[in-house]
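What follows is each chain in one-letter form.
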Amino acid sequence: MAMKIRLARGGSKKRPFYSIVATDSRMPRDGRFLEKLGTYNPLLAKDDEKRIVMNLDRVNHWLSQGAQPTDRVARFLEAAGVRPKTARSNPKSAVPGKAMAERAAKKAARAAEPATE
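In this numbering scheme, every chain counts its residues from 1 along its sequence in written order. Only residues with pLDDT of at least 70 are given local features in this predicted model, and only at 80 or more are side-chain atom pairs given and counted; all residues enter the totals for whole chains, interfaces and linings. Hydrogens and waters are ignored; side-chain quantities use all the structure's heavy atoms.

Caption draft 1: Structural context of the pattern of salt bridges. Salt bridges are defined as contacts in which a side-chain nitrogen from Lys or Arg sits within 4 Å of a carboxyl oxygen from Asp or Glu. As enumerated under the stated definition, the model contains 4 salt bridges in all. For the salt bridge of R26 with D24, the shortest nitrogen-to-oxygen distance reads 2.8 Å. Burial classes: relative accessible area under 20% of the type maximum marks a residue as buried, over 50% as exposed, and values in between as partly exposed (1.4 Å probe, protein chains only). R26 gets classed as exposed once you look at its relative accessible area, which sits at 64%. By relative accessible area, which is 7% here, D24 ends up buried. Between R29 and D30 there is a salt bridge, and its shortest N-O distance comes to 2.8 Å. Given the relative accessible area of 48%, R29 is considered partly exposed. The exposure class of D30 is partly exposed, given its relative accessible area of 42%.

See below:
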């Protein structure tokens, strides 16, 4: 059974609130889970201690059982010092999209033309 530690969304429309849960990876995001490990409230300030609340003993238990955290939960665990920091690289983030590349090419072509006035 593939175990995950992930976020389950709660809260109302435009007011997100997440539970950090241990679940089978085949279950829906907000569906059945095995254990609630903590909460995450993105509406609170980043330096607020109640923004992320986790039961680290239980998180370590599930990690020892082979549960894999999702990207966001892995970042929470890195901030808490449970997991070592991993280097992240997204080289495509600096590459402009197709439309922006076309606009830049047109702008460069206009700048290269001599003034006709």
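Caption draft 2: Up close: the side chain of S19. In DSSP terms, a helix is any run of H or I states spanning at least four residues, a strand is any run of E spanning at least two, and both are numbered starting from the N terminus. As for its position among the elements, S19 is in strand β2 (residues 15-24). For S19, a relative accessible area of 17% corresponds to the buried category. Note on definitions: a residue-residue contact is assigned when non-hydrogen atoms from the two residues lie within 4.5 Å. For S19, the contacting residues outside a window of four places in its chain are R6, L7, A8, K36, G38 and T39.

Caption draft 3: Spotlight on the packing of aromatic side chains. Side-chain rings of Phe, Tyr and Trp, where Trp is taken by its six-membered ring, are said to pair if the distance between their centres is within 6.5 Å; with planes under 30 degrees apart they count as stacked, over 60 as edge-to-face, and otherwise as tilted. Applying the stated criterion to the full structure yields 2 aromatic pairs. A centroid spacing of 5.8 Å and a plane angle of 25 degrees characterise the contact between Y18 and Y40, whose relative ring orientation is stacked. Residue Y18 is found in strand β2, and its partner Y40 is found in strand β3 (residues 35-40); the two are separated by 22 residues along the sequence. With a centroid separation of 4.7 Å and 50 degrees between ring planes, the pair formed by Y40 and F76 is classed as tilted. Of the two residues, Y40 sits in strand β3 while F76 sits in helix α2 (residues 71-80), which places them 36 residues apart along the sequence. Residue F76 is classed as buried on the basis of its relative accessible area, which comes to 7%. Among the aromatic side chains, those forming a connected cluster through ring pairs are Y18, Y40 and F76.

Caption draft 4: Region of the structure containing a positive patch on the surface. Patches in this entry comprise residues that are over 30% relatively accessible and not in a salt bridge; like charges within 9 Å are linked, as are nonpolar side chains (Val, Leu, Ile, Met, Phe, Trp, Tyr) within 5 Å. Methods summary: accessible areas were calculated by the Shrake-Rupley approach with a probe of 1.4 Å, and residue burial reflects only the protein chains presented. Charged-residue counts in this description rest on Lys and Arg as positive and Asp and Glu as negative, His and the chain ends being excluded. A single reference atom marks each charge: NZ on Lys, CZ on Arg, CG on Asp, CD on Glu. Taken together, the side chains of K46, R72, R75 and K85 make up a positively charged region of the molecular surface. With respect to the element layout, R75 can be found in helix α2.

Keep in mind these numbers describe shape, not what the thing actually does.
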